[in-house]
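Next come the chains, spelled out residue by residue.
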Amino acid sequence: MKVLVIGGGAREHALCRSLSLDPDVNALYCAPGNAGIAEVAELRPVDALDGAAVARLATELGADLVVVGPEAPLVAGVSDAVRAAGIPVFGPSAQAAQLEGSKAFAKDVMAAADVPTARSYVCTTPEEVDTALDAFGAPYVVKDDGLAAGKGVVVTEDRAVARAHALGCDRVVIEEYLDGPEVSLFAITDGVTVIPLQPAQDFKRALDGDQGPNTGGMGAYSPLPWADPKLVDEVMESVLQPTVDELRHRGTPFSGLLYAGLAITSRGVRVIEFNARFGDPETQVVLARLRTPLAGVLLNAANGTLDAQPALRWSADAAVTVVIASHNYPETPRTGDPIEGLAEVAAEDGPDAYVLHAGTRSEGGAVVSAGGRVLSVTATGSDLAQAREKAYKAVARIRLDGSQHRTDIAAKAAEGR
């Protein structure tokens, strides 16, 4: 198989790494990619939001499968353009991707499918915002209706902060606060059959102890030793399958990766949000544990033949990923700083620990920072404590001026808390 991956972050590096290890993949391309992805895939320039350009590139390369990584190209209809060119694509249509592209659309689908979620209001005027904030009280949960690269959600005790965020958006969803731990559960689907992956937990806040502003994610781990063993089956029955069925019944079947962000509340499982693609940084730990070759699974989803897919095989090992972010992330991150220590990690810590690139580029023979989240340092071990130890040992080798990372990723879970 020849596979083309669209995107250039750590999620795409994780996808490319897994695909490069698949014996059925004899040519792997990534567009536009990054400095780390270049080590496992051949890079091609492309405007990832231009469906026609992506379809042309896939045709020129003779790709047997296109995997669209980020959400913005999906919402822009890139998958539709590739499908129209007759090439199998892993990623939902623009209409189905509205499940992530519009929080209000997702709420409507959940209501129709009887999927448990937070009570909410969709607001477009200051008066509606004030009514909703008063109805729910603190802590306030305010979500930009559209895409915001993981930074469109504010959870705060401060009504003024919540109101200011709401008024800065064209349309917002204001909802009740959901208590309890959060879980990310991915599922691969062809629009009919749904195959869940292993659950993970990510860390959204910038600072240790879940302090600081919301980010795109500062780390993740899998498996979840504290979770109910029946959690995946329950979410399949009450969330994932009903959502896929509802979208199919609407005439907008969802084919690709359905991501459910869940809260395990005192009243049961509730959906916080849906994403229409692999999550970052959870993908890094979930794929680190997947033993089934990836390309065939994604191709079955793209071709509508997922019912023929054998059961997925998983490693018993645990995986932890720690995000190294640039100076001043998530505000206005500094870029262009040289990154050192990458060769040391490869030489001293592999294969159990490795670095996945998020925001990097090559410059004059060096690798420099090119985004807010720069690297995802990922490690596996016999349990979370060992995986954590290996990940942070590798993190300590990386040198990036002004960088920041959390020191408590998976700490409570590793200690059995």
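Throughout what follows, the structure given in this document is the object of discussion.

Thresholds, definitions, all that
- Residues numbered from 1 in each chain as written.
- Predicted model: local features only at pLDDT ≥ 70, side-chain atom pairs only at ≥ 80, totals over all residues.
- Heavy atoms only, no water.
- Helix = DSSP H or I, 4+ residues; strand = E, 2+ residues; numbered from the N terminus.
- Rg over C-alpha atoms; globule rule 2.2 N^0.38 Å.
- Buried < 20%, exposed > 50% of the residue type's maximum accessible area, 1.4 Å probe, protein only.
- Pairing = 2+ DSSP bridges.
- Arc of directions from axis to C-beta.
- Contact = heavy atoms within 4.5 Å.
- 1 Å grid on protein atoms, 1.4 Å probe; cavity = no way out; pocket = protein on both sides within 12 Å on 5 of 7 lines; lining within 4 Å.
- Points joined across faces, edges and corners; volume = space filled by probe spheres on them.
- Nonpolar A, V, L, I, M, F, W, Y, C, P; charged D, E, K, R; others polar.

### What to know about the overall build of the chain
Piece 1. Of the regular secondary structure elements, the chain holds 14 helices and 24 strands.
Piece 2. By the compact-globule yardstick of 22 Å for 417 residues, the chain fits well, its C-alpha radius of gyration being 20 Å.
Piece 3. For the chain, the spread of C-alpha atoms along the principal axes amounts to about 55 × 45 × 40 Å.
Piece 4. Here the chain holds 417 residues, and the buried ones make up 57% of them.

### Focus on the pairing of strand β16 (residues 256–265)
The side chains of a regular strand alternate, residue by residue, between the two faces of the sheet.
Piece 1. Among the ten residues in β16, nine count as buried, and that is most of the element.
Piece 2. Pairing geometry for strand β10 (residues 182–189) and β16, over eight bridges, is antiparallel. Bridging from a neighbouring strand, Leu 185 pairs with Ala 260 of β16.
Piece 3. The hairpin formed by β16 and strand β17 (residues 268–275) contains two residues between the paired strands.

### Details of the pairing of strand β21 (residues 360–363)
Piece 1. Where β21 lies against strand β22 (residues 366–369), four bridges are found, and the strand directions are antiparallel. Looking at the pairing, Thr 360 lines up with Ser 369 of β22.
Piece 2. The turn linking β21 back onto β22 is made up of two residues, and Gly 364 within it adopts a positive phi angle of 60 degrees.

### Points about helix α7 (residues 126–136)
Because an α-helix completes one turn every 3.6 residues, residues spaced three or four positions apart along the sequence face the same direction.
Piece 1. Of all the residues in α7, the buried ones are Val 129, Ala 132, Leu 133 and Phe 136. All buried residues of α7 lie within an arc of 100 degrees about the axis, which places them on one face of the element. Exposed side of α7, more than 90 degrees from the buried face: Glu 127 and Asp 134 are the residues found there.
Piece 2. On the buried face of α7, the contacting elements are β6 (120–123), β7 (140–144), α8 (159–167) and β9 (172–175).

### Brief notes about the layout of surface pockets
Piece 1. The space that makes up the second largest pocket amounts to roughly 400 Å³.
Piece 2. Taken together, 19 residues make up the lining of the second largest pocket; nearest its centre are His 13, Glu 39, Ala 346, Tyr 354 and Val 355.
Piece 3. Looking at the lining of the second largest pocket, the elements that each hand over two or more residues are α1 (10–20), α12 (342–348) and β20 (353–357).
Piece 4. With five residues, β20 is the single largest residue contributor to the lining of the second largest pocket.
Piece 5. Partitioned by chemical class, the residues of the lining of the second largest pocket number twelve nonpolar, five polar and two charged.

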